[in-house]
Amino acid sequence: MLHRVRSAVAHLVSSGGAPPPRPKSPDLPSARSAPSAAPPEAPRSPPARAGSGSGSAAPAKTAEARASFSRPTFLQLSPGGLRRADDHAGRAVQSPPDTGRRLPWSTGYAEVINAGKSRHNEDQACCEVVYVEGRRSVSGAPREPSRGQGLCFYYWGLFDGHAGGGAAEMASKLLHRHIQEQLKDLVEILQDPSPPPLCLPSTPGAPGSSDSSHLVGPQSCWSSQKEVTHESLVVGAIENAFQFMDEQMAKERRGHQAEGGCCALVVVYLLGKVYVANAGDSRAIIVRNGEIIPMSQEFTPETERQRLQLLGFLKPELLGGEFTHLEFPRRIQPKELGQRMLYRDQNMTGWAYKKIELEDLRFPLVCGEGKKARVMATIGVTRGLGDHNLKVCSSTLPIKPFLSCFPEVRVYDLTQYEHCPDDVLVLGTDGLWDVTSDCEVAATVDRVLSAYEPNDPSRYTALAQALVLGARGTPRDRGWRLPNNKLGSGDDISVFVIPLGGPGSYS
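Residues numbered from 1 in each chain as written. Predicted model: local features only at pLDDT ≥ 70, side-chain atom pairs only at ≥ 80, totals over all residues. Heavy atoms only, no water.

Across the sheet, which stays open at both edges, the five strands sit in the order E2-E21-E18-E7-E8 with antiparallel pairing between neighbours. On the outer flanks of this sheet lie strand E2 (108-112) and strand E8 (291-294), each paired with one strand and no other. The average undirected angle you get between the axes of adjacent strands in this sheet is 20 degrees. Looking at chain direction, E2 and strand E21 (residues 493-499) are connected through five bridges and run antiparallel. What sits directly across from Glu-111, in E21, is Ser-494. Along the sheet, helix H8 (residues 438-449) contacts strand E7 (283-288), E8 and strand E18 (424-428); its crossing angle with E7, the most-contacted strand, is approximately 50 degrees. (Pairing = 2+ DSSP bridges. Helix = DSSP H or I, 4+ residues; strand = E, 2+ residues; numbered from the N terminus. Axes fitted to C-alpha atoms, helices over the stretch in contact; angles between N-to-C directions. Contact = heavy atoms within 4.5 Å.)

What follows is the structure, given as structure tokens:
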């Protein structure tokens, strides 16, 4: 039985359990026709065309391959540019064209395809300005459209796909729409300096609008009211948007080919504050006056070991009789039954000894370390979107119950600091951070930006390109190498550089 988990390659099958029911999000965005959240952009880069030597492929498969590959709209790639972006040998760095129409805040962006790890670049990116019209006023009356008191938020997203690019592409098109939907009830509340109301009035006759005063418990239990901030409402809206996005992927994964899953790193700027939401192993840091401020945490089998082990302990049926929730320093051999070996469980950060029993011979739920750490010997990230069909290799045991779609959200108040044009927020998929430290990124920020005039908007694109090139390395006889002759990143690499100060206004 245990031989079925030797491979660490994700195995996708067509079946999969549906997520638990929850209230449906109103006006759920559709993957078929997602309306534009901002002024119209250039058309999405056309899909790659099969070369003349691919005539032996079945027409249906060829059409599917064409439809499955696209790059971010703002790159404005021609068919020839798209083919260059899909070239694993050349690995040309792609950035938006310098045509005068720049990304919001003069944001810099660069990406490069992997060195052959997957057929296409499975990263996706999105950069939008999104307008939110309030759904109704706090008094319960529908908001008058003519009042024009909605909100705008700026949005950046990086989506690192795995086991296919469908989930990352779907999230890049729709996640900001889910955030927009979650913010509709908050438009008036966020613009009111008074504390948020505890309850929003319901429409007469709607479920929950009947008198429920008989349900109120003793007042002694509610001697004080919890303080809820406007900031926490935005955080909650982003968290809910991630969950609704994940549920939509579960419902539409067959019809829209949202295969695989993706890590998601999202930035929302709203009312003077930057919200950084991360689910996966991408990373965001702020470089401010040479100081490094971490704005995310990576979620891997190692960082979330105790959460995973607790779930396996509470629900052993999820382990299928094939895995143990306990962790050991190495795989236990049958001849070691009865001996005492180091272990740790869901409650422990240190190690202790226990007597080895028959159940301990099962494969550990969490195994390996560093980039080789895996959940159920299959996947190396523990949070993200999608993966609804992911099973243990050569098994029907689902892995999704151990994966969380909820991000960690960190908040940075832009109004509390005096920023200069060299202060930036750097977002990168793990292809950057696998071979580049925070300090090395900060050094590159200083080196590149100091070579440009502070008011030159192209400086941030140049910085993003330098970061991608530095992580990719140069081609040599034994692969892509860094200047120190260590291996460069063979993964897809995507980077946003968002300036936090300078001549522009962020209102």
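Inspection of the secondary structure puts Gly-386 in strand E15 (residues 385-386). Here the alpha-carbon distance between Gly-386 and Cys-262, two residues 124 residues apart in the chain, equals 6.5 Å. Not counting residues within four places of it along the chain, the set of residues in contact with Gly-386 comprises Asp-246, Met-249, Gly-260, Gly-261 and Lys-400.

Before going further, it helps to spend a moment on the packing of aromatic side chains. In the structure shown here, the tally under the stated rule is 10 aromatic pairs. Every member of this aromatic cluster is reached through a ring pair, and the members are Trp-105, Tyr-154, Trp-156 and Tyr-269. One Lys or Arg, Arg-288, reaches over the ring of Tyr-417 and ends 3.9 Å from the middle of that ring. (Phe/Tyr/Trp six-rings, centres within 6.5 Å; stacked < 30°, edge-to-face > 60°. Lys NZ or Arg CZ within 6 Å of the ring centre and 35° of its normal.)

Attention now goes to unusual backbone geometry. Even without a glycine there, the phi angle at Ser-106 is positive, about 60 degrees. Classification of Ser-106 as partly exposed rests on a relative accessible area of 23%. Of note in the backbone geometry, Asn-289 takes a positive phi value of approximately 55 degrees without being a glycine. With respect to the element layout, Asn-289 can be found in the loop between E7 and E8. Among the residues examined, Asn-289 registers a relative accessible area of 73% and is labelled exposed. (Buried < 20%, exposed > 50% of the residue type's maximum accessible area, 1.4 Å probe, protein only.)

On to the pairing of strand E3 (residues 123-132), then. For a regular strand, the rule is simple: side chains alternate between the two faces of the sheet. Across the 10 residues of E3, eight count as buried, placing the element largely inside the fold. Looking at chain direction, E3 and strand E4 (residues 151-162) are connected through 10 bridges and run antiparallel. Across the sheet, Gln-124 pairs through a bridge with Phe-159, a residue of E4.

The next thing to look at is the pattern of salt bridges. Under the criterion given, the structure shown has 23 salt bridges. Between Arg-135 and Asp-185 there is a salt bridge, with the nearest N and O atoms lying 3.0 Å from each other. Remark: Asp-185 occurs in the loop between helix H3 (166-183) and helix H4 (187-190) and Arg-135 occurs in the loop between E3 and E4; sequence separation between them is 50 residues. Residue class for Arg-135 comes out partly exposed when judged on its relative accessible area of 29%. A salt bridge links Arg-288 to Glu-291; its shortest N-O distance comes to 3.2 Å. What makes Glu-291 partly exposed here is its relative accessible area of 40%. (Salt bridge = Lys/Arg side-chain N within 4 Å of Asp/Glu carboxyl O.)

So, on to helix H9 (residues 459-472). Over its 14 residues, H9 extends 20 Å from the first C-alpha to the last, a length consistent with the 20 Å expected when each residue adds 1.5 Å. Buried residues dominate H9, accounting for 10 of its 14 residues. Taken as a whole, H9 has its buried residues at Arg-459, Tyr-460, Thr-461, Ala-462, Leu-463, Ala-464, Leu-467, Val-468, Ala-471 and Arg-472. Positioned one or two residues after H9, Gly-473 has a phi angle of 85 degrees, which is positive. (Expected span 1.5 Å × (residues − 1).)

On average, residues of the protein score 84 in pLDDT, and 78% of them are at 70 or above. In this model residues 1-21 is a low-confidence stretch, pLDDT under 50, and it forms 50 contacts with partners more than four residues away in sequence or in other chains. Predicted confidence for residues 35-67 stays below pLDDT 50, and this span has 50 contacts to residues more than four positions away or in other chains. (pLDDT = per-residue confidence, 0-100.)

Right, let's talk about the packing of H8 against H9 for a bit. Across the interface, H8 lies against H9 with an axial gap of 10 Å and an inter-helix angle of 140 degrees. Accordingly, the angle class assigned to the pair H8 and H9 is oblique. Considering how the two elements wind past one another, H8 and H9 form a crossing that is right-handed. For the pair H8 and H9, contact is made by Val-441, Thr-444, Val-445, Val-448 and Leu-449 and by Arg-459, Tyr-460, Ala-462, Leu-463, Ala-466 and Leu-467, respectively. Considering only residue class, the contact of H8 with H9 consists of nine nonpolar, one polar and one charged. (Parallel < 35°, antiparallel > 145°, perpendicular 65-115°, else oblique. Left-handed = near helix turned anticlockwise from the far one by under 90°. Nonpolar A, V, L, I, M, F, W, Y, C, P; charged D, E, K, R; others polar.)

Here we take up the environment of Leu-314. For Leu-314, the location among the structural elements is in helix H6 (residues 305-314). Sequence-wise, Leu-314 and His-325 are 11 residues apart; in three dimensions their C-alpha atoms are separated by 9.8 Å.

This part takes up a nonpolar patch on the surface. Together, Leu-310, Phe-313 and Leu-314 make up an exposed nonpolar region whose accessible area comes to about 300 Å². Mapped onto the elements of the fold, Phe-313 is located in helix H6. In this structure Phe-313 comes out as partly exposed when scored by relative accessible area, which is 44%. (Patch = residues over 30% accessible without salt bridge, like charges linked within 9 Å, V, L, I, M, F, W, Y side chains within 5 Å. Areas by Shrake-Rupley, 256 points an atom, 1.4 Å probe, with all protein chains shown as cover.)

When two helices pack together, their arrangement is given by the angle between the helix axes and the distance between those axes. Their axes nearest at 8 Å, the elements H3 and helix H5 (residues 230-252) cross at an angle of 135 degrees. Taken together, the axes of H3 and H5 lie oblique to each other. Read as a crossing pair, H3 and H5 show a hand that is right-handed. Where H3 approaches H5, its residues Ala-167, Met-170, Ala-171, Leu-174, Leu-175, His-178, Ile-179, Gln-182 and Leu-183 are matched on the opposing element by Ala-237, Asn-240, Ala-241, Phe-242, Phe-244, Met-245, Gln-248, Met-249 and Glu-252. For the contact of H3 with H5, the residue count by class is 13 nonpolar, four polar and one charged.

Compared with an ideal rise of 1.5 Å per residue, which puts 12 residues at 16 Å, H8 spans 16 Å between its outermost C-alpha atoms and is within 8% of the ideal. Where H8 is concerned, the buried positions are Val-441, Ala-442, Thr-444, Val-445, Val-448 and Leu-449. Each buried residue of H8 lies within a common arc of 160 degrees when the element is viewed along its axis, so the set occupies one face. Along H8, exposed side chains directed more than 90 degrees from the buried face belong to Cys-439, Asp-446 and Arg-447. The elements touched by buried residues of H8 are E7, E8, E18, helix H7 (430-433) and H9. (Arc of directions from axis to C-beta.)

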